[in-house]
Amino acid sequence: MKYLIILLLLFATSFSYANQPVITQLDTDEGYPYKNLIKKVERVEIRYVENSHSVTCKVNVQTLHNQYMGKEQTVSAKLFAKRPMAACLTREKAKQILHML
């Protein structure tokens, strides 16, 4: 009976964590405009799903008053691992967002 209680407790605990999104903090040395954009906004999210050789991703940028939700893009896993922000957000779009700040 005590093993059943322990198993139920473990199951309930793991089930509550299953719905939590995974948050990873990434540092970037990608330079202008990405680094400037990261410094000026409140929050930058890179939402991604990894496949065997590709990554589907999009960038969400949140300021105090506005939010930009990027379009989904599929990029190579190698490029994403090297430069995640640049892979998921075009340089021109990053410049446009930075200009609006």
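In this text, all values refer to a predicted model and were calculated from it rather than measured experimentally.

What counts, and at which threshold
- Residues numbered from 1 in each chain as written.
- Predicted model: local features only at pLDDT ≥ 70, side-chain atom pairs only at ≥ 80, totals over all residues.
- Heavy atoms only, no water.
- Helix = DSSP H or I, 4+ residues; strand = E, 2+ residues; numbered from the N terminus.
- Buried < 20%, exposed > 50% of the residue type's maximum accessible area, 1.4 Å probe, protein only.
- Contact = heavy atoms within 4.5 Å.
- Areas by Shrake-Rupley, 256 points an atom, 1.4 Å probe, with all protein chains shown as cover.
- Core = buried A, V, L, I, M, F, W, Y, C linked by side-chain atoms within 4.5 Å.
- Salt bridge = Lys/Arg side-chain N within 4 Å of Asp/Glu carboxyl O.

(A) Broad picture of the overall build of the chain. Of regular secondary structure, the chain possesses 5 helices and 4 strands. Element order for the chain, N to C, with α for helix and β for strand: α-α-β-β-β-β-α-α-α. Every one of the 101 residues in the chain was classed for burial, and the buried ones make up 24%. If you take every contact in the chain between residues at least 6 apart in sequence, the share linking residues at least 24 apart comes to 41%. Approximately 8,100 Å² of the chain is accessible, and the part contributed by carbon and sulfur atoms is 56%.

(B) Main features of the side chain of Asn60. By secondary structure assignment, the location of Asn60 is in strand S2 (residues 54-62). Not counting residues up to four positions away in its chain, the partners in contact with Asn60 are Arg43, Val44, Glu45, Arg47, Tyr68, Met69 and Gly70.

(C) Broad picture of the nonpolar core. Counting 16 residues, the largest nonpolar core has Leu37 and Leu89 as its most contacted members. Elements that contribute at least two residues to this core include exactly helix H2 (34-40), S2, helix H4 (84-88) and helix H5 (91-100). In terms of residue count, S2 provides more of this core than any other element does, 4 residues in total. Not counting chain neighbours up to four residues away, the residues in contact with Leu37 comprise Val61, Met85, Leu89, Ala94, Ile97, Leu98 and Leu101.

(D) Highlighting the pattern of salt bridges. Evaluation of the coordinates by the stated rule reveals 2 salt bridges. Between Arg43 and Glu45 there is a salt bridge, with the nearest N and O atoms lying 2.8 Å from each other. With a shortest N-O distance of 3.1 Å, Arg47 and Glu45 are connected by a salt bridge. Shared partners join several salt bridges into a network, and the residues in it are Arg43, Glu45 and Arg47.

(E) Examining the environment of Tyr32 more closely. Assignment of secondary structure puts Tyr32 in the loop between helix H1 (2-18) and H2. Owing to a relative accessible area of 43%, Tyr32 belongs among the partly exposed residues under this scheme. The spatial distance from the C-alpha of Tyr32 to the C-alpha of Ala94 is 9.1 Å, given a sequence separation of 62 residues. Every residue in contact with Tyr32, bar those within four places of it in the chain, is listed here: Arg91, Lys95 and Leu98.

That is the geometry; function is a separate question.
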